[in-house]
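The lines below spell out each chain.
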Amino acid sequence: MATVIEPIRADDHAAMDGWFDLTLRCQAHDTPDLPRLSRRRHALRLSSPGFERRAWAVRDGTEIVAAAEVALPLHDNLDNGFADGLVAPDRRRRGLGTQLLAHLVADARAAGRARLALQASEGIATSSPGSGFLRAAGARLGQVEMRRRLVLPAVDPRALRDLAASARRAARGYRLVQWTGPTPPDRRTDLAGLIARMSTDAPQGDFTLEGQRWDAERVRRRDAAAAAAGEGRVVTAAQAADGRLVAYTETAVPPDEDDIARQDDTLVAAEHRGHRLGLWIKLANLDQLADTHPEVRAVDTWNADGNRWMIAINDAMGFVPISRVTDWELDLTRGQSGTTAAISAAASGP
Ligand SMILES: CC(C)(COP(=O)(O)OP(=O)(O)OC[C@H]1O[C@@H](n2cnc3c(N)ncnc32)[C@H](O)[C@@H]1OP(=O)(O)O)[C@@H](O)C(=O)NCCC(=O)NCCS
């Protein structure tokens, strides 16, 4: 019997619930030691500013047994898309993943996209079904990221204080600016400039990505979406003598996700590097996190394998590796040489 792939609409609560249940089942099976997605964040999964998001489900009766989603950037990277797929653990190796991926490929091609980026979660030294699947689908490995965790409170707070004092001395002439929650309106333009640099300066691996376009309004909408998802945000920036922000670090506190905070961006503008600003703002932000969210019991961060400066800072702070993420790119322009014959055949339709 042919597999029926149906759209999931954001206002279809039964479908959204079924997709959430499938996500939790897969997380418990595939990554039992990592935090679970919260229901609140899931509810907003199809509505993030700056992206068009679509999702599809495969059902057995009323139960959703597989699902897939695609996010299409709207401000920049108009040739690219980001995709993800899940098949219930007891339904794997029967071709469902291939059929869903073929559907994603057809949809992204129809939207004019030339590439899809996908990820797989791995153990530190073991590979996952996701990477086996993506390799078999014809995707190309573009980058490997290590997930590192800092358990709080820090084991040696005195060592961290000494580290912060030496970083502060090296960063003489700069001033810290801190906030929690949405970016203050008078800081949005500076922050937009730094976030845009993050998309060009952080290692992108072997991917075809262009710099992101950010302005104050996009920062405002991004912050509003995070607040709507119940996500706390803790930010430390460094201000140069001329008053402009030249470095920032952001930590997100997702609701109901095992009290594990997520380290998001950290960037020092190129012309201000070499003054230990990166270490200084990260340590100051850790203090701010402890003050404002005492319930947080760990912070997780993701670093591309080639990002030795960021890794050196995280090592110094006491982060330790806990798992890996592999980042893959699927070329949608090359037909059967870019994707496997099975996917190309299914994606080009009857
Ligand atoms: C990855 C995933 C979606 C695959 O779903 P699936 O329905 O089992 O995939 P298929 O049956 O279509 O597999 C197609 C091919 O991929 C490869 N593959 C799939 N699972 C694999 C595994 N565990 N190890 C190695 N190769 C694998 C095989 O070549 C397979 O063909 P075969 O069964 O004839 O050998 C599923 O394992 C899953 O939900 N994993 C967790 C989420 C995830 O990692 N998603 C990756 C991003 S899309």
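Note that the structure is a prediction, hence the values are computed from the model and not measured.

1. Notes on the site of the ligand
Point 1. Neighbouring residues of the ligand: 19 residues in total, closest Val87, Arg93, Gly95, Gly97 and Thr98.
Point 2. Between the ligand and Arg93, the relevant distance is 2.7 Å, taken from an oxygen atom to a main-chain nitrogen or oxygen of the residue.
Point 3. A distance of 2.5 Å is found between an oxygen atom of the ligand and a side-chain nitrogen or oxygen belonging to Thr98.
Point 4. Considered on its own, the ligand offers 910 Å² of accessible surface; in the complex 74% of this is hidden by protein.
Point 5. At the level of secondary structure, the elements contributing two or more residues to the shell around the ligand comprise strand E4 (80–87), helix H3 (96–110), strand E5 (115–122) and helix H4 (129–136).
Point 6. With 5 residues, the single largest contributor to the shell around the ligand is H4.
Point 7. Tallied by class, the residues present in the shell around the ligand amount to 7 nonpolar, 7 polar and 5 charged.

2. Considering the pattern of salt bridges
Point 1. Summed over all chains, the structure comprises 30 salt bridges.
Point 2. One salt bridge in this structure joins Glu231 and Arg41, with 3.9 Å as the shortest N-O distance. Remark: Arg41 occurs in helix H2 (residues 39–43) and Glu231 occurs in the loop between helix H7 (216–228) and strand E8 (232–239); sequence separation between them is 190 residues.
Point 3. A relative accessible area of 11% means that Glu231 is categorised as buried.
Point 4. Classification of Arg41 as partly exposed rests on a relative accessible area of 28%.
Point 5. In this structure, Arg262 and Asp264 form a salt bridge, with 2.8 Å as the shortest nitrogen-oxygen distance.
Point 6. Each of Arg41, Arg222, Asp223, Glu231, Arg233, Glu250, Arg262 and Asp264 takes part in a single network of salt bridges with overlapping partners.

3. Considerations on the domain arrangement of the chain
Point 1. For the chain, the assigned domains are domain 1 (6–145 + 326–345) and domain 2 (156–317).
Point 2. Each of domain 1 and domain 2 has a C-alpha centre, and these two points are 28 Å apart.
Point 3. With 24 residues of domain 1 at the contact, the number on the domain 2 side is 32 residues.
Point 4. For the pair domain 1 and domain 2, the summed buried surface comes to about 2300 Å²; carbon and sulfur atoms form 50% of the total.
Point 5. On inspection of domain 1 and its partner domain 2, the count reaches 2 salt bridges.
Point 6. Of the charged contacts, one joins Asp76 and Arg218 as a salt bridge, the two residues approaching to 3.2 Å between their closest N and O atoms.
Point 7. Our enumeration of links across domain 1 and domain 2 arrives at 9 residue pairs in polar contact (both at pLDDT 80 or more).
Point 8. Counting residues per element, the ones that place at least two in the side of domain 1 that touches domain 2 are H2, E4, strand E6 (140–151) and strand E12 (320–331).
Point 9. Of the residues forming the side of domain 1 that touches domain 2, the biggest block, 5 residues, is contributed by E6.
Point 10. Looking at the side of domain 1 that touches domain 2 residue by residue, the classes come out as 8 nonpolar, 7 polar and 9 charged.

Rules used in this analysis
Every chain's residues receive numbers from 1 upward, in the order its sequence appears when written. Reporting in this predicted model follows two pLDDT cut-offs: at least 70 for local features of residues, and 80 or more for side-chain atom pairs to be given and counted; totals over whole chains, interfaces and linings ignore these cut-offs and use all residues. As a convention, hydrogens and water are excluded, and side-chain values are obtained from all of the structure's heavy atoms. When we say a residue is near a molecule or strand, we mean one of its heavy atoms is within 4 Å of it. Polar contact is the term for a pair of N or O atoms within 3.5 Å; when the atoms are in protein, one must be able to donate a hydrogen and the other to accept it, and sequence-neighboring residues count only if both atoms are side-chain atoms. Note on areas: these come from Shrake-Rupley sampling with a 1.4 Å probe, and a residue is covered only by the protein chains present in the view. Under the scheme used here, helices are H or I runs from DSSP no shorter than 4 residues and strands are E runs no shorter than 2 residues, and both carry numbers assigned from the N terminus. Side-chain classes are defined by residue name, with Ala, Val, Leu, Ile, Met, Phe, Trp, Tyr, Cys and Pro counting as nonpolar, Asp, Glu, Lys and Arg as charged, and the others, Gly among them, as polar. Here a salt bridge means any side-chain nitrogen of Lys or Arg lying within 4 Å of a carboxyl oxygen belonging to Asp or Glu. Exposed residues in this analysis have more than 50% of their type's maximum accessible area, buried residues have under 20%, and partly exposed residues fall in between, with area computed by a 1.4 Å probe over protein chains only. The start and end points of each domain follow an automatic or database-based domain assignment. The contact criterion used throughout is that any non-hydrogen atoms of two residues lie within 4.5 Å. By definition, the buried area sums, over both parts, the 1.4 Å-probe accessible area that each loses when the two are put together.

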